[in-house]
Amino acid sequence: MKRGLIISTIVLALIAGVSAALSCGIDYTFRAYLDKRFWQPFAMYVTTKGGNEDRGQHSQGKDERQPPYAGMESKEDRTALQKVRLAYQSQDYDQARIAIKAALAGTLTAEETEEVLLVDAKSDMRDGEADNGLLLRQAKEKFLDFVRHATIASRRSEARGWLARVHYLLGEYAPAAKIYLDEMSSAESRFSQESLVNSLRMLFPYNGSSVRLADHLEEYFDTPGHALFVVNIVTNPIYYEKTERAAMSGIAQRTIAALKKHPDMFTAGPEAEALALALMRAALYMGDPQSALAYAKLVPKKSATSARPDFNWMSASCYFLQRRYQEAEAPLLTMLHSGQANNRDRNAAAQGLVGVYQKLGRRLDQLHAAFLCELEAQKGSFEMLPGEAHSGDQFDYGFQYYWPVGGWCLDLPYLLDIQLTDEELLGYLKRYAKPAQAILLQNGKRRRTAYEMVEYALAVRYAREERYQEAADIFTRLQSWPRAKRMQEIALLHATTVEPGLSPQDSLHAQYAYADFLESHATRIFFNDMLWNGYQTSTFLGQSANPFYGGLKVPVGSDAQGLTRVERESFLDQERKIKDAQEERWLAYQIFVGIVDQAGATELGRNAAKKAFRCLVLISPERFGRVDEIAKAKTRLANWLHAHGQAASSSN
Amino acid sequence: MTGFRSKKISKFLAYICGVVALCLTFASVFMPGVSGSDGPSDRPEWKTGLWIWQSYSGQYQNHEGSASAVDLLYVQVDEFSDSSGNGCPNNIIVSWPDKLPAASAYFAVWRFSGMQPPGPEITPVLTKAYLDLKARVTKSGQNLVGLQLDFDCPTSQLEEYGRFLSTLRKVLPEQELLSITALLDWFRPETRIADVVHAVDEFVPQFYDVGSGDWQEDLPGIAKTVDPARWAGVFNAFERPYRIGISSFGRIAVDCRDDNAPLSARRRSFFRDMNPLELMNNMELVLAAEQTNAAGETVLQFRVNPRLKEYRRYCRCSEKTESLEMILPSKQSVYQAYVAAQAMGGWCRGAVFFRWPLNNEALALTPAEIQRLTAGKELIADESMVEVEDGYCAATTCSDLFLRLKDRFPRKPVTLSIVSSIALEYFLPGGQTQAQLNGPRSIEVSLPAYAGLPRIYLGRAVTREPATFLIQGKDL
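So, a few notes on the structure that sits alongside this text.

Rules used throughout
Residues numbered from 1 in each chain as written. Chains lettered and ligands numbered in written order. Predicted model: local features only at pLDDT ≥ 70, side-chain atom pairs only at ≥ 80, totals over all residues. Heavy atoms only, no water. Contact = heavy atoms within 4.5 Å. Buried area = accessible area lost by both parts, 1.4 Å probe. Salt bridge = Lys/Arg side-chain N within 4 Å of Asp/Glu carboxyl O. Polar contact = N/O pair within 3.5 Å; in protein donor to acceptor, adjacent residues only side chain to side chain. Helix = DSSP H or I, 4+ residues; strand = E, 2+ residues; numbered from the N terminus. Nonpolar A, V, L, I, M, F, W, Y, C, P; charged D, E, K, R; others polar. Buried < 20%, exposed > 50% of the residue type's maximum accessible area, 1.4 Å probe, protein only. Pairing = 2+ DSSP bridges. Axes fitted to C-alpha atoms, helices over the stretch in contact; angles between N-to-C directions. Parallel < 35°, antiparallel > 145°, perpendicular 65-115°, else oblique. Left-handed = near helix turned anticlockwise from the far one by under 90°.

## Things to note about the interface of chain B and chain A
Put simply, an interface is often sized by how much accessible area is lost when its parts join up. Every contact between the two is made by 23 residues of chain B and, on the other side, 29 residues of chain A. Both faces combined, the contact of chain B with chain A buries some 2100 Å², and carbon together with sulfur accounts for 48% of it. Put simply, chain B and chain A have two salt bridges between them. For R323(A), the salt bridge is made with E465(B), and the minimal N-O distance between the two is 3.3 Å. There are 11 residue pairs in polar contact (both at pLDDT 80 or more) connecting chain B and chain A. Listing elements by their share of the side of chain B that touches chain A, those giving two or more residues are β14 (385-390), β15 (397-404), β17 (426-429) and β20 (456-463) of chain B. Among the elements that make up the side of chain B that touches chain A, the one with the highest residue count is β20(B) (three residues). In the side of chain B that touches chain A, the residues fall into 10 nonpolar, five polar and eight charged.

## Structural notes on the pattern of salt bridges
Residues and elements named next belong to chain A. Tallied over the entire structure, the rule returns 71 salt bridges over all chains. In this structure, D124 and K142 form a salt bridge, with 2.7 Å as the shortest nitrogen-oxygen distance. Of this pair, D124 sits in helix α4 (residues 110-128) while K142 sits in helix α5 (residues 133-149), and the two are 18 residues apart along the sequence. Overall, D124 belongs to the buried group, its relative accessible area being 0%. Salt-bridge contacts for E327 lead to R324; the nearest nitrogen and oxygen are separated by 2.7 Å. For E327, a relative accessible area of 35% translates into the label partly exposed.

## Details of the sheet that holds β20(B)
Residue and element names in this part refer to chain B. With antiparallel pairing, the four strands of this open sheet are ordered in space as β14-β15-β20-β17. A strand with exactly one partner marks an edge of an open sheet, and here the two such strands are β14 and β17. In this sheet, neighbouring strand axes are inclined to one another by 25° on average, regardless of whether the strands run parallel or antiparallel. Taken together, the four bridges between β17 and β20 define a ladder with antiparallel strand orientation. When the sheet's bridge partners are listed, P429 is paired in β20 with G459.

## Comments concerning the environment of A252(A)
Residue and element names in this part refer to chain A. Tracing the backbone shows A252 in helix α10 (residues 242-261). The exposure class of A252 is buried, given its relative accessible area of 0%. For the pair A252 and R126, spaced 126 residues apart in the sequence, the C-alpha separation amounts to 39 Å. Ignoring sequence-local partners within four residues, the contact set of A252 consists of A282, Y285 and M286.

## Here's the deal with the packing of helix α15 (residues 343-360) of chain A against helix α16 (residues 363-379) of chain A
Residues and elements named next belong to chain A. Remark: α15 packs on α16, axes separated minimally by 8 Å, with the N-to-C direction vectors making an angle of 160°. Between α15 and α16, the crossing angle belongs to the class labelled roughly antiparallel. Classified by chirality, the crossing of α16 by α15 is left-handed. Counted together, N343, R346, N347, A350, Q351, L353, V354, Y357 and Q358 of α15 and R363, D365, Q366, A369, A370, L372, C373, E376, A377 and K379 of α16 form the full contact between these two elements.

Below, the structure written as structure tokens:
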């Protein structure tokens, strides 16, 4: 009974685990540079860092340095002020008003008077929250008056915060946002950055489209800070939502018009450069990289702005989208090596460089960029919100590489295993010897340098070329013991097949043994187990017929990326070659069929035919293809076996 | 003398006219039912509307040609039932879609799927749900004018239903309209339908899905013929505004037959997970007959290879299937019904079509198609069109091509060419069409008859630079 329970638990856990594994996809990126949306400017959010650092992490009313919010203190006395507080705290606002009137008619200190007046305004606000516009407007007037006349800084700050809330409830988003923004940079603000950021995010969750922010740009052009805030929000990139994407061009045009209408606001220095950045961003949002580049020229070459990752990202985007690939390299390299860049920036830059070098045919550089991409991907997790702050911005906006596929860099295995030649891999080891040894990547349970990964890839290729001893030597050096041992074994078997002086019969038996070893070690001789983690097929062209993507049967994956015809044909050719070369059972099948031809209807021939049939059955058609060819071959073998008194079977 | 007398007569006549005019004015203001001015129930303008049915989850996008808002949208907001059995449902939910098509006015439709009329206890709950919804949607600028109840009340319980509606009418604020859908069976002689109709501001008799759906010897159909000679007198007698419910959708059904049961045990099993294009592309189906039923719908009947498993899953284990039918709305079925609705005269205030199609749904007519038909035009558009969507490729230009046939339901196969303004790098076919490169700049497309989809995905064309695409047709 107990054993049964344990077994059931294990089985259930296994089922759950497998289901989870099958249902949870893995994040990866592959040729992301081929998608226009990859090259959009980064999403910008107001972050939790920056401004007055002294505020730290305090939350409302609880920080020791700040007095409690008006009306929220609790004392045992029965003073008029306390009665006001009690009534407010009990949410009896009618009673609160009575208490307020009585308190104001009595003797209060200046400080107490301010608290009572603020509670008065807050009572109207609370009472009006359930859609009473009249009370809310009354509250608004009271807060405005309070802010004008109050003497205590924390109370003024509190009043501004509530005023912003009233603006929000009345649908007056611009004044609300400006209050929050100004509080973020105000020394006397009593609010934590976190609460102010959250408040701004309530107003504009992402790009402000829910409140048609783009229709109200002019309202924010009273200060450069306000203007830049709203410009950056409305030009946050859109990836998938069609309606929003359709609106991008119009929004960008309005944004550029608004910016150009107020040149006086951005006269010189950092503000002028901020204007240039905003114009670049809006131009790219509009899909006009040419104009964006023109705006980029407004940024002085040696300025701090020119070193910013977002400036360089946008510059690179302009070049790449105009197919000026050579010119795209420099800003991407600047970004990659920038002291201001975080690992998301570097990952974006590396992916961009993978694309640039692909277009320029610089395969060794492309491989190195892919290693850097994977290195950065492994360093951090790419959270969507919030981004990390970069110093130097007025509001410390967070930059974020808002591309939904910032995961495992599949360009790397594709280059290592499919696209590059042996000579190119050797060339990489020569040119990038030192940096490749400095890149350390997690590979399963082990960590491998980039150098080692290239060596490993070469060893696998040598095995495919039946250069088993060379492969064994590399695997030994890399301490890949199972592979090394296997290479030694198959090296011996292979050597026997080409031994001079063997009789034809012995030769056939040697080939049989060799093929048998191949067949029984599928994916462990020719397949590069270090690289793919089961995702190789995802990179192949021709996925449109994949039933997983059913429904409309649209081009997906690599098919949808817009390779040129030359690239597509080249990749198709290379993929066909790798499918053949890495499939142990395909080579085994060919050897077995050769034996059948030579041995005829002997015991050896019949065994070889059965083995050949088994190989064909076990080859995965989804990964390997050649579906018709294999089907015909199976039929031929089955007929042959039938004709010679044997049944075809997939078992031995 | 003559002149004086004629002056007197003229004065008298003028006096009489003035009195009559005064009386008419008095009557039009204060007396109900004379000119129809009796408060919120009176809506003399003719309006057409569509139902939006959320049970069919999907997106409701504004379709081509429907740039102008429709008159009325009846939006299903919830379906509730009386699971407690005491006439009071456990919960009234309101689900108002985010991106509704534009309309001059909206009704919120609650479908009640109980076995007996809801009890009066539900009226405050329902009213509150409606008013809360109204407050919410008004802020978005949507003009919600009333509540419609959709309940297939058993005819024997109409009196009780009428009592419930009267209670609801009293609780609902006067300016909010109360509408109901109505089954034709209710209007048989000697039912208590008057109790129901007089409690509401509007009723919508549904001229579709009148039968049981079981196999019958005559041609199947969804729509029922709208016969003004038969129905006008019946509906107008209530002196209440009504609109005629017209079918603008189709169905595909498999004929399931149990050989061990009598012939009458055959039944139709409907399914929604296949569209006409898929059906017509299926080489295993043979089109056996194309007919028009009494209501004017097109009925296509196919012979099915009984060994085909994909259709057997729609039948029970003991059943098999040898035929499949597709019922399609047509100009005849829709226009006929609409003209008949207009001929009702009297208190008829328009027509409501079931229903607004989901995104790219093949079997329901689009609002633009309905507009064309009700204007007496053909279902067929002026021309076929190719639409291009950006595929977001950075290093080349990727264009996803979509085809809108001018005749969505052509009676014969269609072949045409899509020609690019520049040479194509390559073309990746997609969707369910036979589309392939036929030259450096040309893509040949072949479609079966009755393809049905409003917008057919052809595939992705890749060019070096942006290109434009035009249609050259052989059989347009």
